[in-house]
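Residue-level listing of the chains:
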Amino acid sequence: QVQLVESGGGLVQAGGSLRLSCAASGRTFSTDYTGWFRQAPGKEREFVAAISWIGSNTYYADSVKGRFTISRDNAKNTVYLQMNSLKPEDTALYYCAARSVPYSSDWTGYRYWGQGTQVTVSS
């Protein structure tokens, strides 16, 4: 089993920044890709970004390219999501998730999930 714990969410004004963290524990060797997803009230869960544990390949949704950066610290088993130039439409519950190969942006393919951390961007 893999356990994922997110942190770093909060309330920020438009144009501000937040950094989310996702700490993994357990059988982390089985989590080839870690992704961030978000879900706003009344909306579908959507892909934000993903990163591989080997090779540091990164993937982004078009809506966050140039504003968000995903990174990882293997020694700490932690993945980060640096969010800059935040917009009110970024407001959502952000989830960290993990899966084995191959890469996918489809949330249904991710086996392990954290509890989520709320990000609220005020205008």
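Here the structure is a predicted model, which means the values were calculated and not measured.

Undergrad: Help me understand the packing of aromatic side chains, please; the structure alone is not making it clear to me.
TA: Any pair of aromatic rings gets described here by the distance separating the centres and the angle formed by the planes. Scanning the model with the defined rule gives 10 aromatic pairs in all. Here the aromatic rings of phenylalanine 47 and tyrosine 103 are separated by 6.3 Å at their centres, their planes lie at 70 degrees, and the arrangement is edge-to-face. Taken together, the positions of phenylalanine 47 in strand β5 (residues 46–52) and tyrosine 103 in the loop between β9 (92–99) and β10 (112–113) put the pair 56 residues apart, joining distant regions of the chain. In this structure phenylalanine 47 comes out as buried when scored by relative accessible area, which is 13%. Chaining the aromatic ring pairs together yields one cluster made of Tyr33, Phe37, Phe47, Tyr59, Tyr95, Tyr103, Trp107, Tyr110 and Trp113.

Undergrad: I tried to follow the nonpolar core on my own but got confused; where do I start?
TA: Side chains that are nonpolar tend, in soluble globular proteins, to be buried together. Counting 33 residues, the largest nonpolar core has Leu4, Trp36, Val48, Phe68, Leu81, Met83 and Tyr94 as its most contacted members. Breaking this core down by element, the ones donating at least two residues are β1 (2–7), β3 (18–26), β4 (33–39), β5, β7 (68–73), β8 (78–83), β9 and β11 (117–122). If we skip the residues at most four places from it in the chain, leucine 81 touches Leu18, Arg19, Leu20, Trp36, Val48, Ala49, Phe68, Thr69, Ile70 and Tyr94.

Undergrad: What should I look at first to understand the pairing of β4 in this one?
TA: The two faces of a sheet get side chains in turn, since along a regular strand they alternate between them. A large share of β4 lies buried, amounting to 6 of its 7 residues. Examined bridge by bridge, β4 and β5 share 6 bridges and lie antiparallel to one another. If you follow arginine 38 over to β5, its bridge partner there is glutamate 46. Linkage of β4 to β5, two consecutive antiparallel strands, is achieved through a turn of 6 residues, within which glycine 42 is found at a positive phi near 80 degrees. Summarising the sheet, β4 and β9 pair through 7 bridges and their orientation is antiparallel. Directly across from tryptophan 36, in β9, lies its bridge partner cysteine 96.

Calculation notes
Residues numbered from 1 in each chain as written. Predicted model: local features only at pLDDT ≥ 70, side-chain atom pairs only at ≥ 80, totals over all residues. Heavy atoms only, no water. Phe/Tyr/Trp six-rings, centres within 6.5 Å; stacked < 30°, edge-to-face > 60°. Helix = DSSP H or I, 4+ residues; strand = E, 2+ residues; numbered from the N terminus. Buried < 20%, exposed > 50% of the residue type's maximum accessible area, 1.4 Å probe, protein only. Core = buried A, V, L, I, M, F, W, Y, C linked by side-chain atoms within 4.5 Å. Contact = heavy atoms within 4.5 Å. Pairing = 2+ DSSP bridges.

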